Amino acid sequence: MRATTIHAPRDIRLSQVPDPTITAPTDAVVRVVAACICGSDLWPYRGENPIDAGATIGHEAVGVVEEVGSDVSSFRPGDFVIVPFDHCDNTCPHCRAGVQSACDNLGFTSSGQAELTLVNQAEGSMVRTDGMPDDSLLPSLLALSDVMATGWHAAVAAGVRQGGTAVVVGDGAVGLCGVIAARELGAERIVVMSRHADRQALAREFGATDIVAERDDSGVAAVLELTDGVGADAVLECVGTDQAIRTAFNVARPGSTVGFVGVPHGVELPVRHMFRRNIGLAGGMAPVRRYLPDLLERVLDGRINPGRVFDLTLPLAEVAEGYRAMDERRAIKVLLRP
């Protein structure tokens, strides 16, 4: 099959690799209908993460089931499915507690930007739609495999509440989906920290009430001014850098929580500040399967349209250009069609 591979920093190729096969009874092979590039894929692309030269890359996909293992009873070939990036059996103690991202049999999509992908806990992970969805729904369904669920996790972890004020640190696809989540969970005021006009506009359409373009101390001061010096009731940290974490804690009011979902890089927690102001930290890798049925219902009902974060669609053959476009901030998020 054709699959995206990474060979060195900024060296993305479309390569011929072996087709995935059923090797365990819990497996399924899915033919990818739509895939995408994630902001977290840019960490290895930029050389910030170790690279296994020639490895496949990409963890977000929706598609049609090709084959299932003997333990997979709820799905059959021809079913259209959403594949959470983090696979789970959905039966272990951690899954039953709603932390499917810490499943005892955790797995990950490793060739999402490809023609075929393997799901190694298919029965517990995949969610089927009622027949083949309309093409117009594909972007939003694809967003449910990661970014929408991750933005939702940030809002839930931060304790976004009805009538409260939420601050979203980060204007990438996850941060923008966090705006949707904060609105759906009832935040009255949603402040987005963003320096890019196109992302600011989309954030407002998703429900942001205020935009703060400043960074560091100036950004913190702007948020405090907007909140009469109080700070935010909930903060969604959707970047993963030390600067973003520091900003998040500095705009959080005493007694609030920072919900973090950005993959941490070089982060040092301000523990004394957290202690003095009783500010909590929660979140981490999103348990996508926990949120997926509810989010799917919201998409199908037309209540949310997270697929709008995709502002560039390319054929899989042009995946390298997709990476360049996101790296250079010419695109928020790139959708790929095999």
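Note that the coordinates shown come from a computational prediction; the quantities given were computed from them, not determined experimentally. (Residues numbered from 1 in each chain as written. Predicted model: local features only at pLDDT ≥ 70, side-chain atom pairs only at ≥ 80, totals over all residues. Heavy atoms only, no water.)

The next point concerns the pairing of strand β6 (residues 80–83). Neither face of β6 is exposed, since F80 and I82 on one face and V81 and V83 on the opposite face are all buried. As defined by bridge partners, strand β5 (residues 61–68) adjoins β6 across 4 bridges and the pair is classed as antiparallel. Counterpart to V64 in the pairing with β6 is F80. Sheet topology places β6 next to strand β10 (residues 127–128); 2 bridges connect them, and they run antiparallel. In the sheet register, I82 faces β10, and the bridge partner there is V127. (Buried < 20%, exposed > 50% of the residue type's maximum accessible area, 1.4 Å probe, protein only. Helix = DSSP H or I, 4+ residues; strand = E, 2+ residues; numbered from the N terminus. Pairing = 2+ DSSP bridges.)

We now examine the pairing of strand β17 (residues 312–315). Bridge analysis of β17 against strand β18 (residues 334–337) gives 4 bridges, and the strand direction is parallel. If you follow L314 over to β18, its bridge partner there is L336. With helix α12 (residues 319–327) bridging β17 and the parallel β18, this β-α-β connection has right-handed handedness. (Right-handed = clockwise from strand over helix to strand, strands pointing away.)

Another point: unusual backbone geometry. Unlike most non-glycine residues, R10 shows phi in positive territory, near 60 degrees. Within the fold, R10 resides in the loop between β1 (2–8) and β2 (11–16). The partly exposed category is assigned to R10, whose relative accessible area is 47%. The backbone phi angle of N278 is positive, close to 55 degrees, even though this residue is not glycine. With respect to the helices and strands, N278 occurs in the loop between α10 (271–277) and β16 (280–283).

When you line up the elements, M148 lands in helix α5 (residues 147–158). Each C-alpha atom of the pair M148 and R128 lies 17 Å from the other, and the pair is 20 residues apart in sequence. When residues no more than four places from it in sequence are discounted, the contact partners of M148 are A143, C177, I180, A181, L295, I304 and P306. (Contact = heavy atoms within 4.5 Å.)

This part covers the sheet that holds strand β12 (residues 189–193). Pairing is parallel across the open sheet formed by 6 strands, whose spatial order is β13-β12-β11-β14-β15-β16. The outermost strands of the open sheet, each flanked by one partner alone, are β13 (210–212) and β16. Strand-to-strand, the axes of this sheet are offset by a mean angle of 20 degrees, without reference to chain direction. As paired strands, strand β15 (residues 252–260) and β16 are joined by 4 bridges and run parallel to one another. Following the sheet pairing, F260 is matched in β16 by G283. (Axes fitted to C-alpha atoms, helices over the stretch in contact; angles between N-to-C directions.)

Together, L106, F108 and M285 give the surface a local cluster of nonpolar side chains, amounting to about 240 Å² of exposed area. Looking at the element boundaries, M285 is found in the loop between β16 and α11 (288–300). M285 sits in the partly exposed class, given a relative accessible area of 34%. (Patch = residues over 30% accessible without salt bridge, like charges linked within 9 Å, V, L, I, M, F, W, Y side chains within 5 Å. Areas by Shrake-Rupley, 256 points an atom, 1.4 Å probe, with all protein chains shown as cover. Salt bridge = Lys/Arg side-chain N within 4 Å of Asp/Glu carboxyl O.)

This part takes up the packing of α5 against helix α6 (residues 173–184). α6 packs onto α5 with a crossing angle of 55 degrees between their chain directions and a minimal axis gap of 7 Å. What the angle tells us is that α5 and α6 run oblique. For the element pair α5 and α6, the recorded crossing hand is right-handed. Mapping the contact onto sequence places V147, M148, T150, G151, W152 and A155 in α5 and A173, V174, C177, G178, I180, A181, A182 and E184 in α6. (Parallel < 35°, antiparallel > 145°, perpendicular 65-115°, else oblique. Left-handed = near helix turned anticlockwise from the far one by under 90°.)

Before going further, it helps to examine the pattern of salt bridges. Applying the stated criterion to the full structure yields 22 salt bridges. The partner of R2 in a salt bridge is E115, with the nearest N and O atoms 3.0 Å apart. On the criterion of sequence distance, the pair formed by R2 in strand β1 and E115 in the loop between β8 (107–108) and β9 (116–119) is long-range, its members being 113 residues apart. For R2, a relative accessible area of 25% puts it in the partly exposed group. R324 is the salt-bridge partner of E321, the closest N and O atoms lying 3.2 Å from each other. On the criterion of helical spacing, the pair formed by E321 and R324 is a turn pair, its members being 3 residues apart in helix α12. With relative accessibility at 37%, the residue R324 sits in the partly exposed group. Taken together, the shared-partner salt bridges connect R183, E184, D294 and R298 into one network.

Membership of the largest hydrophobic core comes to 54 residues, with the highest contact counts inside it found for L144, M148, V160, L236 and L295. Residues within four places of L295 in sequence aside, it is in contact with L144, M148, A149, W152 and I304. In this structure, V167, A222, V223 and V258 belong to the second largest nonpolar core, which totals 19 residues. (Core = buried A, V, L, I, M, F, W, Y, C linked by side-chain atoms within 4.5 Å.)

Next up on the list: helix α8 (residues 216–226). In an α-helix there are 3.6 residues to a turn, and that puts residues three or four apart on one side. Restricting attention to buried positions, one finds in α8 the residues G219, V220, A222 and V223. Down the axis of α8, the buried side of the element spans an arc of 160 degrees, and every buried residue falls inside it. Looking at α8, the residues exposed on the side facing more than 90 degrees away from the buried face are D217 and E225. Along its buried surface, α8 packs onto β11 (165–169), β12, β13 and α9 (242–251). (Arc of directions from axis to C-beta.)

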